[in-house]
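The residues making up each chain are set out below.
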Amino acid sequence: MVEVKLHDIGEGMTEGEVIQYFVKVGDVVQVDQPLVEVQTDKMVAELPSPVSGKVKNIVVDHGNVVSVGTTLLVLEAKDMKTEQPVMEAREETVLVKEESVLEQIEARAPKHEKRFVMAAPYTRKIAREFSVDIEKIIGTGPHGRITVKDVYDYVKKRDQVPTSLEVPQASSNDSQGQTKIEHERQTRKGRNDLIQDHQKPEVIPFRGRRKQIAKKMTQSLFTIPHVTHFEEADLTELLAYRNELKEMDIHISAAAFFIKAITLSLKQYPIFNAKLDEENEVIYLEKEYNIGIATDTEDGLIVPVIHHADRLSVRQIHDQLKTLTKKAQEGRLEPAEMRNGTFTISNVGPLGSIGATPIINYPETGLIAFHKTKKMPVVMENDEIKIRSMMNMSMSFDHRVADGAVAVAFTNRFKQLIENPKLWSIELA
């Protein structure tokens, strides 16, 4: 027999949730055929069959969270000899009978066409916990995607209980009327109990990606002495340059320019592209420039990485940023797309943020957050007042590795690049 176990399919993975099985007991499978879908703290992945053979037993039910190394199902390989042919023959006979009965039931059941549902694995899990058929929910997310809020709204509507109840009138000598009144009283009591149940706190499981985020944030905050440096930048010229590109049908996001400017700044101040090894008392100045992108998803924060950003053009960075963000939001990132980051950015401006003190993505040295850009009057060098597009930014850094003066110099260099797009033709030459 071959045991198919949950193995480490992601960096730092310790547990995973069984979302669904693609096979059932008795199915014949081929090598590399997908057997089961699992949700880790970072991604959704399919586990393939290591051998060709037959599914003998499914050990863990879907919906359960298990640790790495747990056996999920058992296979009998094709070349393995049967130890108990009589028993297996009986089991196969029973299985055939059960399948026959199931086929008859399915044949009598009314056929209906299932619609395609877009929903994250965590959303589907919440729906299962509330015994909700997710196909009945109308999604309010992008392109009709079903969100966790959609599930909760559906459950509240489904379980809504009226708070008032009319009691039928009956004469004192009408025994039937008295019976009705007593029945309505009991009904009202039961419904009031239900209402009280609905007033209890809502319980959300603390596991999976949310639990991993908590561990990482706690590790970072209690290990790294954070210092946050605040600055503002004038994006007027950069936004004008973007508009010129749009007129030539070239669409580049502001974040793509930020990433390229960060890469150029890191080359001049490599201390922020570093990792501290306290045990060996050394600081590693990384030679690769792999920029992590803090991305907000339905299941929590995740950080895909643009590798070798120094070798990419702004347009290539834009394309990768768009692809990685979409894959992160759909839970389709590969492990390699989340590894080996050297510096992280968080572009929260589109959400409306005006400031924050971001937590560093351990074990990196720095993280910079870009906040909302807004037009405001600015006093220029000649004392002339002009309306400019100003953006706030906040940079957190590891004070064990770098000092405040270097952090100011780093952000000043970044600011110089994004405020003067014409400099790029010189810097990238």
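Scroll up a little and you will see the structure.
The rules behind these values
- Residues numbered from 1 in each chain as written.
- Predicted model: local features only at pLDDT ≥ 70, side-chain atom pairs only at ≥ 80, totals over all residues.
- Heavy atoms only, no water.
- Core = buried A, V, L, I, M, F, W, Y, C linked by side-chain atoms within 4.5 Å.
- Buried < 20%, exposed > 50% of the residue type's maximum accessible area, 1.4 Å probe, protein only.
- Helix = DSSP H or I, 4+ residues; strand = E, 2+ residues; numbered from the N terminus.
- Pairing = 2+ DSSP bridges.
- Salt bridge = Lys/Arg side-chain N within 4 Å of Asp/Glu carboxyl O.
- Expected span 1.5 Å × (residues − 1).
- Contact = heavy atoms within 4.5 Å.
- Axes fitted to C-alpha atoms, helices over the stretch in contact; angles between N-to-C directions.

(A) Quick peek at the nonpolar core. Of all hydrophobic cores here, the largest spans 45 residues; its most connected members are Ile-262, Phe-343 and Ile-418. Of all the secondary-structure elements, those providing two or more residues to this core are helix H6 (236–247), helix H7 (254–268), strand S12 (291–293), helix H8 (314–329), strand S16 (343–347), strand S17 (366–379), strand S18 (385–398) and helix H9 (404–419). No other element matches H7, which puts 10 residues into this core. Counting 19 residues, the second-largest nonpolar core is a separate cluster that includes Val-38, Val-55, Leu-73 and Ala-77.

(B) Structural detail: the pairing of strand S11 (residues 282–285). Note: strand S10 (residues 274–277) against S11, four bridges, orientation antiparallel. Bridging across to S11, Asp-277 finds its partner in Val-282. Connecting S10 to the antiparallel partner S11 that follows it, the hairpin turn spans four residues, and Glu-281 within it adopts a positive phi of roughly 55 degrees.

(C) Region of interest: the pattern of salt bridges. A complete count under the given rule lists 12 salt bridges for this structure. Taking the shortest distance from any N to any O, the salt bridge between Arg-388 and Asp-234 comes out at 2.8 Å. Taken as a pair, Arg-388 in strand S18 and Asp-234 in strand S9 (residues 226–234) lie far apart in primary sequence, 154 residues in all. The pair formed by Arg-388 and Asp-234 is uniform in burial state, with each residue classed as buried. Via salt bridges that share partners, Asp-234, Glu-237 and Arg-388 belong to a single interconnected network.

(D) Representation of H8. The end-to-end C-alpha separation of H8 is 22 Å, in line with the 22 Å expected for 16 residues at 1.5 Å each. When we look at burial in H8, the residues that qualify are Val-314, Ile-317, His-318, Leu-321, Leu-324, Lys-327 and Ala-328. For H8, the elements touching its buried residues are H7, S12, strand S13 (295–297), strand S14 (300–302), strand S15 (305–306) and helix H10 (424–427). Gly-331, located one to two residues past H8, shows a positive phi value of around 70 degrees.

(E) Main features of the sheet that holds strand S5 (residues 44–48). Across the sheet, which stays open at both edges, the four strands sit in the order S5-S4-S2-S7 with antiparallel pairing between neighbours. Each edge of the sheet is formed by a strand with only one pairing partner; in this case those strands are S5 and strand S7 (65–67). Each strand of the sheet is rotated relative to its neighbour by a mean of 40 degrees, with strand direction disregarded. Relative to strand S4 (residues 34–39), strand S2 (residues 15–21) is paired through four bridges, and the arrangement is antiparallel. Bridging across to S4, Val-18 finds its partner in Val-38.

Limitation: the analysis is restricted to geometry and does not speak to function.
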